[in-house]
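# Notes for the structure review
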Amino acid sequence: MLGLVSQVLHVRERVPKGERVAARRARVSREPRLWERGIDEIGPTPAGCQWVDVCDRGADAFEFLQVLVSRGRRFLVRSTHNRALGVGPPLVKAAELLRDLTRGRPATAGRE
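Here goes a summary of the coordinates provided. (Residues numbered from 1 in each chain as written. Predicted model: local features only at pLDDT ≥ 70, side-chain atom pairs only at ≥ 80, totals over all residues. Heavy atoms only, no water.)

### Observations regarding the overall build of the chain
- Counting its secondary structure elements, the chain contains four helices and four strands.
- Taken from the N to the C terminus, the helices and strands of the chain come in the order α-α-β-α-β-β-β-α.
- Viewed in the frame of its principal axes, the chain has a C-alpha envelope of about 45 × 35 × 25 Å.
- Counting across all 112 residues of the chain, residues that qualify as buried make up 17%.
- Put simply, 31% of the contacts in the chain that link residues at least 6 apart link residues at least 24 apart.
- Summed over its atoms, the accessible surface of the chain is roughly 9600 Å², and 55% of this surface lies on carbon and sulfur atoms.
- Seen as two clouds, the 21 positive and the 13 negative side-chain charges of the chain have centres 5 Å apart. (Helix = DSSP H or I, 4+ residues; strand = E, 2+ residues; numbered from the N terminus. Buried < 20%, exposed > 50% of the residue type's maximum accessible area, 1.4 Å probe, protein only. Contact = heavy atoms within 4.5 Å. Areas by Shrake-Rupley, 256 points an atom, 1.4 Å probe, with all protein chains shown as cover. Lys, Arg positive; Asp, Glu negative; His and termini not counted. Charge placed at Lys NZ, Arg CZ, Asp CG, Glu CD.)

So this is what it looks like as structure tokens:
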């Protein structure tokens, strides 16, 4: 069964010119926080069921992905960028990139 369980209606706020990254990340209206609010409203996955959170690029942020992983949820995010995988200083080239890695793997499921 496929279906929509939660939807949060949202209009993006204009970011004031010169706003610093820390201030932008602290915004309550930041899109990854809206995705987290959605999974809070849904609650935990019932025993014997498997839910997969399907997100758009508004969820393409580390803090939201960290929430999903910490709650043991399965997810799919349409990413905007070929994100670096791994941990390290930002100026050090990543060993792997997300899209490069996933494109090289065989499909595990499909639907027509």
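Continuing now.
### Re the layout of surface pockets
- By volume, the largest pocket amounts to about 1200 Å³.
- Lining the largest pocket are 30 residues, and of these Arg 30, Pro 32, Asp 60, Ala 61 and Arg 83 sit closest to its centre.
- No other element matches the five residues that helix H3 (residues 62-70) contributes to the lining of the largest pocket.
- For the lining of the largest pocket, the class distribution of residues is 12 nonpolar, seven polar and 11 charged. (1 Å grid on protein atoms, 1.4 Å probe; cavity = no way out; pocket = protein on both sides within 12 Å on 5 of 7 lines; lining within 4 Å. Points joined across faces, edges and corners; volume = space filled by probe spheres on them. Nonpolar A, V, L, I, M, F, W, Y, C, P; charged D, E, K, R; others polar.)

### Concerning helix H2 (residues 31-42)
- With 12 residues, H2 extends 17 Å from end C-alpha to end C-alpha; this agrees with the ideal 16 Å at 1.5 Å per step.
- Listed in full, the buried residues belonging to H2 are Glu 31, Pro 32, Leu 34, Gly 38 and Ile 39. Along the axis of H2, the buried residues cluster in a sector spanning 160°; they form a single face.
- Where H2 is buried, its residues meet strand E1 (52-55) and H3.
- Looking one or two residues past H2, Gly 43 carries a phi angle of roughly 90°, positive in sign. (Expected span 1.5 Å × (residues − 1). Arc of directions from axis to C-beta.)

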